[in-house]
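The lines below spell out each chain.
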Amino acid sequence: MKNIVLFGPPGAGKGTQAEFLKTKFNLFHISTGDVFRFNIKNSTPLGLLAKSFMDKGDLVPDEVTINMLNEVVRNNLDSNGFIFDGFPRTNNQAEALDKLMAENDSTISAMIALEVDDEVLISRLLERGKTSGRVDDSTKDIIQNRISEYYKKTAILKNFYTKKNRYFGVNGEGSVKVITDRLSSVIESL
Ligand code: B4P
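Residues numbered from 1 in each chain as written. Predicted model: local features only at pLDDT ≥ 70, side-chain atom pairs only at ≥ 80, totals over all residues. Heavy atoms only, no water.

(A) Region of interest: the side chain of Asn39. As for its position among the elements, Asn39 is in helix 2 (residues 32-41). Among all residues touching Asn39, those that are not within four sequence positions of it are Thr44, Leu46 and Gly47. (Helix = DSSP H or I, 4+ residues; strand = E, 2+ residues; numbered from the N terminus. Contact = heavy atoms within 4.5 Å.)

(B) Inspection of the environment of Ser189 at higher detail. For Ser189, the position within the fold is in helix 9 (residues 176-189). Put simply, Ser189 and Gly11 are 178 residues apart on the chain and 26 Å apart in space, counted from C-alpha to C-alpha.

(C) Spatial organisation of the environment of Lys24. Position of Lys24 relative to the elements: it lies in helix 1 (residues 14-25). Spatially, the C-alpha atoms of Lys24 and Thr180 are 10.0 Å apart, while their sequence positions differ by 156 residues. Polar contacts involving the side chain of Lys24 include one to the side chain of Ser184, which spans 3.1 Å. (Polar contact = N/O pair within 3.5 Å; in protein donor to acceptor, adjacent residues only side chain to side chain.)

(D) Representation of the site of the ligand. Lining the immediate environment of the ligand, one finds 30 residues, of which Thr16, Thr32, Arg37, Asp58 and Arg128 sit closest. Note that an oxygen atom of the ligand is positioned 2.9 Å from one of the backbone N or O atoms of Gly15. With respect to the ligand, the side chain of Thr32 contributes an N or O atom lying 2.8 Å from a nitrogen atom. Starting from 1,000 Å² of accessible surface for the ligand in isolation, the protein chains cover 85%. Top element by residues in the shell around the ligand is helix 2. It accounts for four residues. By residue class, the composition of the shell around the ligand is eleven nonpolar, ten polar and nine charged. (Near = heavy atom within 4 Å. Areas by Shrake-Rupley, 256 points an atom, 1.4 Å probe, with all protein chains shown as cover. Nonpolar A, V, L, I, M, F, W, Y, C, P; charged D, E, K, R; others polar.)

(E) Here's a closer look at the sheet that holds strand 2 (residues 28-31). The sheet built from five strands is open, its strands ordered 2-3-1-4-5 with parallel pairing. Sheet topology places strand 2 and strand 5 (167-171) at the edges, where each strand pairs with a single neighbour. Neighbour-to-neighbour, the strand axes of this sheet turn through a mean angle of 20°, independent of strand direction. Taken together, the three bridges between strand 1 (residues 4-7) and strand 3 (residues 82-85) define a ladder with parallel strand orientation. Residue Leu6 lies in a different strand from strand 3, and its bridge partner there is Asp85. (Pairing = 2+ DSSP bridges. Axes fitted to C-alpha atoms, helices over the stretch in contact; angles between N-to-C directions.)

In structure tokens, the structure reads:
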């Protein structure tokens, strides 16, 4: 089983790349952002709760996110492996993911990080905001808050996986195809 954590700041291209990689490597794609957005669209209690955090560009609390992720993984244990997109985003989430993998006699094969300059992130997300209808893409202030949440709470996870020799950094700037090729080389080497 290959289990990949696709990592990087908001707008780095995790969701974009996961769409190609899941088909190429026959992996089950879990985007915590997409699961939250699905719940918001359907006005579930989870969606209403998540919306209050996401619209400001804040992270959704760990307990809620971890329980949701555990449920999606447990329902798809017959897959070939997982691409985790947007999870883990905090130390608690990384520890919970290790525990979940161990319970299922599995492990995280690699964290692959898309490295992109902040200015490029901001311009990508503002561009998407013109058509996405996403509140969290709508203003530079909210996008800046998402990036600052990333540096405060998420970026440290590089150390978590580096200590396990499972961290791989990839240049996340360039065409979508070139970046897919860079990520594929890492996955093939695992
Ligand atoms: P997410 O849904 O995870 O997504 P994202 O930050 O928007 O980034 P992603 O990297 O997937 O960008 P994308 O490919 O779409 O998070 C949204 C929110 O959900 C968080 O702020 C948080 O509130 C909540 N949340 C999610 N997971 C959580 C967790 N674990 N814990 C707590 N809260 C959580 O690309 C962005 C844009 O760039 C697109 O328009 C794309 O077309 C463009 N693009 C991509 N690659 C490009 C390239 N190579 N060149 C040019 N443009 C490119």
